[in-house]
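# A closer look at the structure
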Amino acid sequence: IAGGGNNNTVKAADAVIAGGASNTATGDGCFIAGGGNNTAAGRRSFVAGAFAHAGHAGAVVFADASSVTARSTAPNQFLVQHADARKPGGGMWISPTDRRTFAADHTKPYSQGLTVLKRVTPMEYAYSEAAAAAGVLGL
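On a predicted model such as this, the values are computed, not experimentally measured, just so you know.

Strand order across the open sheet formed by five strands is β1-β3-β5-β7-β9, with parallel pairing between neighbours. Of all the strands in the sheet, just β1 (9-10) and β9 (70-71) have a single pairing partner and so form its edges. Two elements, strand β3 (residues 24-25) and strand β5 (residues 39-40), share two bridges in a ladder whose sense is parallel. Along β5, the bridge assignment pairs Thr24 with Thr39.

A few words now on the nonpolar core. The biggest cluster of nonpolar side chains holds 14 residues, and the ones touching the most others in it are Ala25, Ile32, Val47 and Val61. Those residues in contact with Ala25, other than ones at most four positions away along the chain, are Thr9, Val10, Lys11, Ala12, Ala15, Ile17, Cys30, Ile32 and Ala40.

Taken in spatial order, the five strands line up as β2-β4-β6-β8-β10 in an open sheet, and their pairing is parallel. In the strand order of this sheet, the two ends are held by β2 (16-17) and β10 (78-81), each with one partner. Taken together, the four bridges between strand β8 (residues 60-63) and β10 define a ladder with parallel strand orientation. Within β10, the residue paired with Phe62 across the bridge is Val80.

It is worth spelling out the pairing of β8 at this point. Of the two faces of β8, only one is covered, namely that formed by Val61 and Ala63; the face formed by Val60 and Phe62 stays uncovered. Note that strand β6 (residues 46-50) and β8 share three bridges and pair parallel. Bridging from a neighbouring strand, Phe46 pairs with Val60 of β8.

Attention now goes to unusual backbone geometry. For Asn37, which is not a glycine, the phi torsion comes out positive at approximately 60 degrees. You can see Asn37 is positioned in the loop between β4 (31-36) and β5. Assessed through its relative accessible area of 40%, Asn37 is described here as partly exposed. The phi torsion at Arg44 lies on the positive side, around 55 degrees, for a residue other than glycine. Of note, Arg44 is situated in the loop between β5 and β6.

A separate point is the environment of Gly34. Its place among the elements puts Gly34 in strand β4. Remark: the alpha-carbon pair of Gly34 and Ala50, spanning 16 residues in sequence, is separated by 8.4 Å. Among all residues touching Gly34, those that are not within four sequence positions of it are Gly19, Ala48 and Gly49.

Once that is clear, we can look at the confidence of the model for the protein chain. Detailed reading of the predicted coordinates is not advisable wherever pLDDT is low. Taken as a whole, the protein chain shows an average pLDDT of 82; of its residues, 73% reach a score of 70 or greater. Across the protein chain, β5 holds the top mean pLDDT of 98, while strand β12 (residues 136-138) sits lowest at 50.

Let's shift gears to the packing of aromatic side chains. Counted under the stated rule, the structure contains three aromatic pairs. Between the aromatic rings of Phe46 and Phe62, the centroid separation amounts to 5.5 Å while the plane-to-plane angle is 50 degrees, which identifies the pairing as tilted. Placement of Phe46 in strand β6 and of Phe62 in strand β8 is noted, with a sequence separation of 16 residues between them. Since its relative accessible area comes to 25%, Phe46 is described here as partly exposed. A relative accessible area of 32% places Phe62 in the partly exposed class.

Rules used throughout
Residues numbered from 1 in each chain as written. Predicted model: local features only at pLDDT ≥ 70, side-chain atom pairs only at ≥ 80, totals over all residues. Heavy atoms only, no water. Pairing = 2+ DSSP bridges. Helix = DSSP H or I, 4+ residues; strand = E, 2+ residues; numbered from the N terminus. Core = buried A, V, L, I, M, F, W, Y, C linked by side-chain atoms within 4.5 Å. Buried < 20%, exposed > 50% of the residue type's maximum accessible area, 1.4 Å probe, protein only. Contact = heavy atoms within 4.5 Å. pLDDT = per-residue confidence, 0-100. Phe/Tyr/Trp six-rings, centres within 6.5 Å; stacked < 30°, edge-to-face > 60°.

Here it is in structure tokens:
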């Protein structure tokens, strides 16, 4: 289903392009919210913005208006590309990892871990009055 826009192509079962231009939906059950030059090729993938590409099942890709392609690299990945990324409410951006995400041929022991950690100076801080009363430890 192509809801609007121009030069949009739908080539999959239950795929939807809500609008925009030059978008391509080839993954079953995928959704392109709008924008331009986007591709939703993964099954049940979602894209929005400009030059967003979800090539994996379950991938969700949001891209800004630049001409740089934001491309999924794994199934069920959530990706946001923005030239001036900000996190609402402050706090940290984190990138959790575990053995499921490691490239086996690039995994090796890190021998300087404890030496480097001993040089870190812990600090106490608080995001709000409630957090200040409880005390929050940050590194």
